[in-house]
Amino acid sequence: MAGAGIGIQCVLSDPGIKEWFVSLGTLYVVATPIGNLDDISVRAQRTLREVALIAAEDTRHSLRLLQHFGIETPLAACHEHNEREQGGRFLARLLAGDDVALVSDAGTPLISDPGYHLVRQARAAGIAVVPVPGPCALIAGLSAAGLPSDRFIFEGFLPAKTVGRRSRLEALREEPRTLIFYEAPHRLLECLQDMAEVFGEERQAVLARELTKTFETIKGIPLGELRDWVAADSNQQRGECVLLLAGWEAPEAEGVDSESLRVLDLLLAELPVKRAAALAAEITGLRKNLLYQAALERKAE
Ligand code: SAM
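- The name an unreviewed UniProt entry gives the protein is Ribosomal RNA small subunit methyltransferase I, with Pseudomonas knackmussii as the organism.
- The annotation that UniProt attaches to the protein under Sequence similarities (unreviewed entry) is "Belongs to the methyltransferase superfamily. RsmI family."
- Here the protein is described in UniProt, under the heading Catalytic activity (unreviewed entry), as follows: "cytidine(1402) in 16S rRNA + S-adenosyl-L-methionine = 2'-O-methylcytidine(1402) in 16S rRNA + S-adenosyl-L-homocysteine + H(+)".

What follows is the structure, encoded as structure tokens:
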């Protein structure tokens, strides 16, 4: 793309003092639709049209997208199995001054998709890496889920086997931020079952399925109900989905039960607040601070 390369100027200590100029290409990381082709941006289309080469997760898949938009740029495979080895091939083009676009099958490259090694290698080689942002399933799901969105964590795909999945979920049990997962449709039900067991049936959950497509479904109910709803309707076990869970909320501070209050009152009648609270804590097993607070309130009354 005109004017996009980085210029490196080098003055040689030759009698004639020559100047030479090397222009590196730019690596564009281009987001593509996650279902609805209208979601491709004008800038993404222009970039894909103007670069010299498109590095694609699946060239046949991306060819259909390019044909739809009448884009004729050549494609080359850049998937998880060849990314490390083939990175050099794309780097060579970039170093020679060609602009390259990186795309995945859907959404934003590198988000549970290939591209990390190429981006890292390009940056290490001093090549400009420019994002062309756009669709991303986790962000689309979060934006419509109605769960707290100020802080969230994205866990990508959970391990496919039950033991690994359960231990990952256990580690997230007391995570206070909104949790976001990608899940394959054939594992959705067992995943919901494990989640309900680890996080509890009442934890608020949202299933965001087939986003931007004809059968888009966004269902937000407690985990146990969501599991039963999915189990009862096999249509919900098809297509692509994002699972979102409300973060963990610390249980409300425990109160002082009436029996403990009676003990506290008896002691308060005879002793100073601090001493009464300490003794009441020993007798009832409740926390001293909690009883001290309660004692202050009763004195104020
Ligand atoms: N890079 C993509 C992105 O930006 O979202 C994600 C690629 S990852 C290999 C594919 C997973 O993303 C699917 O298994 C599903 O969990 C989620 N996903 C992709 N498209 C989706 C859609 N239209 N609706 C719901 N989830 C989707």
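What about the domain arrangement of the protein?
Then step 1. Examined at the domain level, the protein breaks down into domain 1 (4-134), domain 2 (138-245) and domain 3 (258-300).
Then step 2. Each of domain 1 and domain 2 has a C-alpha centre, and these two points are 33 Å apart.
Then step 3. With six residues of domain 1 in contact, the opposing surface of domain 2 contributes ten residues.
Then step 4. With both chains or domains summed, domain 1 and domain 2 bury close to 500 Å², and 63% of this area falls on carbon and sulfur atoms.
Then step 5. A per-residue breakdown of the area domain 1 buries against domain 2 is headed by Ile34, Ile111 and Ser112, which together make up 74% of the total.
Then step 6. Across the domain 1-domain 2 interface, the total number found is zero salt bridges.
Then step 7. Scanning the region where domain 1 abuts domain 2 turns up one residue pair in polar contact (both at pLDDT 80 or more).
Then step 8. Split by residue class, the side of domain 1 that touches domain 2 holds two nonpolar, three polar and one charged.

As for the nonpolar core
Then step 1. In this structure, Phe181, Met195, Phe199, Leu223, Leu226, Leu243 and Leu245 are the most contacted members of the largest nonpolar core, which totals 22 residues.
Then step 2. Those elements that place two or more of their residues in this core are strand S9 (178-183), helix H7 (188-199), strand S10 (204-209), helix H8 (223-232) and strand S12 (241-245).
Then step 3. Here this core takes seven residues from H7, the largest share from any one element.
Then step 4. If sequence neighbours within four positions are ignored, Met195 has contacts with Leu158, Leu169, Phe181, Gly200, Leu223, Leu243 and Leu245.
Then step 5. Membership of the second largest hydrophobic core comes to 17 residues, among which are Phe90, Val100, Val119 and Ala122.

Procedures and definitions
Residues numbered from 1 in each chain as written. Predicted model: local features only at pLDDT ≥ 70, side-chain atom pairs only at ≥ 80, totals over all residues. Heavy atoms only, no water. UniProt positions renumbered as here; feature names shortened; annotations may be inferred. Domains from an automatic or database assignment. Contact = heavy atoms within 4.5 Å. Buried area = accessible area lost by both parts, 1.4 Å probe. Salt bridge = Lys/Arg side-chain N within 4 Å of Asp/Glu carboxyl O. Polar contact = N/O pair within 3.5 Å; in protein donor to acceptor, adjacent residues only side chain to side chain. Nonpolar A, V, L, I, M, F, W, Y, C, P; charged D, E, K, R; others polar. Core = buried A, V, L, I, M, F, W, Y, C linked by side-chain atoms within 4.5 Å. Buried < 20%, exposed > 50% of the residue type's maximum accessible area, 1.4 Å probe, protein only. Helix = DSSP H or I, 4+ residues; strand = E, 2+ residues; numbered from the N terminus.

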